[in-house]
Amino acid sequence: MSLALTAPWRRVAGLPPVLPAVAVLALLALPVTSAGAGPADVASGLMVVYCLVRLVRDRRRPLSLTAAVVLGLPVVGLALAAMGAPSTAAGFDGLGRYLQVFVLVPAAVLLLVRGRADFRLLAWSFVGLALWQGALGVHQYVTGTGASYQGQEVRAVGTFGAHDVMGMASVVALGLVCAVGIALGRGPVRQRAAAAGCALVLLLPLALSFSRGAWIATALTCAVQLVLAGVRRALKAVAVLAAAGVVLVGGFGVGTALLQERIDSIARVADAPDQSVVDRYTLWASATGIWREHPLTGVGLKGFPEHRDGHATLALSSGAEIAGAGSAYQRQALLSPHNMYLLVLSEQGLVGLLGLAGSWLALLVCALHGLWRSRGRGPVPDCALVACGLLLWLLTDFVYGDIGGPSTVLTGMALGLVAWWALAGGERGDTVPPGGTPERVEEVVAR
């Protein structure tokens, strides 16, 4: 009887510990049914619990001192901001969300990823999720069942609906960044070719998302990835992208009037901004005004909406228009400044911003240091390019957006991959899990 029970347990124990993280991404493929916590958020909490159980069962040392300090930097500012929240419920709600996205989920992913094979599995999961959401987005554009954009229901939003128009754009962009990193990195030729093909395919749904912030962040990130990968690979990739652009615009007619107008609007943000840009500038000014009155600790978590109107000008509209993708027409209140840095500054003050930004800066420095060290062993590893790309994309996108909506958990998952490379993978290579002992060495990757 004991032997019969032992065999299945051994099979389960032999599965990669990173599978709960893969499950979180898989649940993001499901349709969004509510504005609150979704299945992926619940799964991320279970993933954290599972990680803690493994640490206790295996009697493993948890995070290293460096990792604990880097990931724990935001906690002090968050605790102070939670105490200053407009209500106890708002404080606990905001504190839980920030801890989930910037501390607990990244730490859990860091501990569950044992080596570069697990890292690649999770990176490919990002790509798979992006392909699924992107395919739905293209179908929405073709059939006219997407979110409303300039009176036409053509905006690609995937399963996230009109309430989270940035959701699909973020998923597709992060998947594209992962694919580009794998394609440019050190790895088997077939894997790199498959990743390059996925990256080219994802360009179409990213364009149809009509998200200017995602376009800018992705273009900048991919350009930096090309530079980090080396001149030769950069030139080859630029040639392929140029050819793909010709095919998309000329062959498939992607350069529609709506898309062309959206692209042109990027250059008109100062001279002739549309209402969405005016609202964003007004919200930024409002957040800055709030911070000036409460420079050290801000107005507390979830406090921006209450103080917004007292610092906003008459140029601010009453809300954003929402329709399409299964939703009836309504106006959605503008409850955040759509800039992560200004949101943190207004609600958490300098203490909170220094904690969060300090954590991100430390991850960036460590990730680039690991990438630089790996150059002496041949081409840049794909894990390094993926991690640096994900972090750069997030830091750039935070200028145009903030956390919120069902896709927010994806930010924590991406930071987890970044944390593994920055705090474990870049220094230890393929063989040692964070806080653990050396395990099976992966086969040498073909250069």
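Residues numbered from 1 in each chain as written. Predicted model: local features only at pLDDT ≥ 70, side-chain atom pairs only at ≥ 80, totals over all residues. Heavy atoms only, no water.

(A) View of the overall build of the protein. When its secondary structure is counted, the protein shows 17 helices and 4 strands. Every one of the 447 residues in the protein was classed for burial, and the buried ones make up 50%. In the protein, the proportion of contacts linking residues at least 24 apart, taken out of those at least 6 apart, comes to 78%. Put simply, the protein shows about 19900 Å² of open surface, and 67% of that area lies on carbon and sulfur atoms. (Helix = DSSP H or I, 4+ residues; strand = E, 2+ residues; numbered from the N terminus. Buried < 20%, exposed > 50% of the residue type's maximum accessible area, 1.4 Å probe, protein only. Contact = heavy atoms within 4.5 Å. Areas by Shrake-Rupley, 256 points an atom, 1.4 Å probe, with all protein chains shown as cover.)

(B) The arrangement of the pattern of salt bridges in detail. Within this structure, the stated rule accounts for 4 salt bridges. Across the salt bridge formed by Asp-41 and Arg-97, the nearest N and O atoms sit 2.8 Å from each other. Here the residue Asp-41 occupies a position in helix H3 (residues 39–58), and Arg-97 occupies one in helix H6 (residues 88–112), the gap between them amounting to 56 residues. Looking at Asp-41, the relative accessible area reads 9%, which means it is buried. Here Asp-93 ties to Lys-302 by a salt bridge, and the two come within 3.4 Å at their closest N and O atoms. Of this pair, Asp-93 sits in helix H6 while Lys-302 sits in the loop between helix H13 (275–293) and helix H14 (304–308); the two residues are 209 residues apart in sequence, bridging distant segments of the chain. On the basis of relative accessible area, Asp-93 is assigned to the partly exposed category, the value being 46%. (Salt bridge = Lys/Arg side-chain N within 4 Å of Asp/Glu carboxyl O.)

(C) Expanded view of helix H7 (residues 116–143). Along its 28 residues, H7 runs 40 Å from first to last C-alpha, staying within 8% of the 40 Å computed at 1.5 Å per residue. Downstream of H7 by a residue or two, Gly-144 has a phi angle that is positive, lying close to 70 degrees. (Expected span 1.5 Å × (residues − 1).)

(D) Seen up close, the packing of aromatic side chains. Per the counting criterion, the structure on display carries 8 aromatic pairs. Centroid distance Phe-102 to Trp-360: 5.6 Å. Interplanar angle 50 degrees. Geometry classified as tilted. With Phe-102 in helix H6 and Trp-360 in helix H15 (residues 340–374), this pair connects stretches of sequence that are 258 residues apart. Residue Trp-360 is classed as buried on the basis of its relative accessible area, which comes to 4%. Arranged with centres 5.1 Å apart and planes meeting at 40 degrees, the rings of Trp-360 and Phe-398 form a pair that is tilted. Residue Trp-360 is located in helix H15, and its partner Phe-398 is located in the loop between helix H16 (382–397) and helix H17 (409–428); the two are separated by 38 residues in the primary sequence. Phe-398 sits in the buried class, given a relative accessible area of 4%. (Phe/Tyr/Trp six-rings, centres within 6.5 Å; stacked < 30°, edge-to-face > 60°.)

(E) Representation of the nonpolar core. With 113 residues, the main nonpolar core has Tyr-98, Phe-102, Leu-122, Phe-126 and Met-413 as its most contacted residues. Counting residues per element, this core draws most heavily on helix H8 (residues 165–184), which supplies 14 residues. Dropping the residues within four chain positions of it, Phe-102 is found in contact with Leu-71, Met-340, Leu-356, Trp-360, Phe-398, Ile-403, Thr-411 and Leu-415. (Core = buried A, V, L, I, M, F, W, Y, C linked by side-chain atoms within 4.5 Å.)

(F) Representation of the packing of H7 against helix H9 (residues 189–208). With their axes 9 Å apart at the nearest point, H7 and H9 run at an angle of 35 degrees to one another. For the element pair H7 and H9, the recorded crossing hand is left-handed. Mapping the contact onto sequence places Arg-120, Trp-124, Val-127, Ala-130, Leu-131, Gly-134, Val-138 and Tyr-141 in H7 and Gln-191, Ala-194, Ala-195, Cys-198, Val-201, Leu-202, Leu-204, Pro-205 and Leu-208 in H9. Looking at side-chain class alone, the contact of H7 with H9 contains 14 nonpolar, 2 polar and 1 charged residues. (Axes fitted to C-alpha atoms, helices over the stretch in contact; angles between N-to-C directions. Left-handed = near helix turned anticlockwise from the far one by under 90°. Nonpolar A, V, L, I, M, F, W, Y, C, P; charged D, E, K, R; others polar.)

(G) Here's a closer look at unusual backbone geometry. At Phe-210, a position not held by glycine, the phi torsion is positive, near 55 degrees. With a phi angle near 65 degrees, Lys-302 is a residue other than glycine that sits in the positive phi range. Classification of Lys-302 as partly exposed rests on a relative accessible area of 41%.

(H) Fine view of a nonpolar patch on the surface. A cluster of nonpolar side chains, namely Leu-15, Leu-19 and Leu-121, defines an oily patch on the protein surface of about 230 Å² accessible area. Inspection of the secondary structure puts Leu-121 in helix H7. (Patch = residues over 30% accessible without salt bridge, like charges linked within 9 Å, V, L, I, M, F, W, Y side chains within 5 Å.)

(I) Up close: the confidence of the model for the protein. Residues with a pLDDT of 70 or more make up 80% of the protein, whose mean pLDDT is 83. A low-confidence stretch, residues 1–9 stays under pLDDT 50, and its non-local contacts, those more than four residues away or across chains, total 1 contact. Across residues 430–447, where pLDDT falls below 50, the model places 42 contacts with residues more than four positions away in sequence or in other chains. (pLDDT = per-residue confidence, 0-100.)

(J) Focus on the side chain of Asn-339. With respect to the helices, strands and loops of the structure, Asn-339 is situated in the loop between strand S4 (327–332) and H15. At 3.0 Å, the side chain of Asn-339 and the backbone nitrogen of Tyr-341 are in polar contact. Polar contacts involving the side chain of Asn-339 include one to the main-chain carbonyl oxygen of Val-399, which spans 2.9 Å. Sequence-distant contacts of Asn-339, defined by excluding residues within four places in its chain, comprise Trp-284, Phe-398, Val-399, Gly-401 and Asp-402. (Polar contact = N/O pair within 3.5 Å; in protein donor to acceptor, adjacent residues only side chain to side chain.)

(K) Up close: the pairing of strand S2 (residues 152–155). Bridge count between strand S1 (residues 147–149) and S2: 3 bridges; the pairing is antiparallel. The partner of Ala-147 across the bridge, within S2, is Arg-155. Where S1 hands over to S2, the hairpin turn is made up of 2 residues, of which Gln-150 adopts a positive phi near 55 degrees. (Pairing = 2+ DSSP bridges.)

(L) How the structure looks around H8. Taking 1.5 Å of rise per residue, the 20 residues of H8 would be expected to cover 28 Å, and the 30 Å separating its terminal C-alpha atoms lies within 8% of that figure. With 18 of its 20 residues buried, H8 lies for the most part within the structure.

(M) Inspection of the environment of Asp-382 at higher detail. Mapped onto the fold, Asp-382 is located in helix H16. Looking at Asp-382, the relative accessible area reads 1%, which means it is buried. Put simply, Asp-382 and Ile-182 are 200 residues apart on the chain and 4.8 Å apart in space, counted from C-alpha to C-alpha. With residues near it in sequence (within four places) discarded, Asp-382 still touches Arg-120, Gly-181, Ile-182, Gly-185, Arg-186 and Gln-191. At 2.9 Å, the side chain of Asp-382 forms a polar contact with the side chain of Arg-120.

(N) Up close: the environment of Gly-167. Along the chain, Gly-167 turns up in helix H8. Gly-167 gets classed as buried once you look at its relative accessible area, which sits at 0%. Discounting residues that sit within four places of it in the chain, Gly-167 has contacts with Phe-160 and Ser-407.

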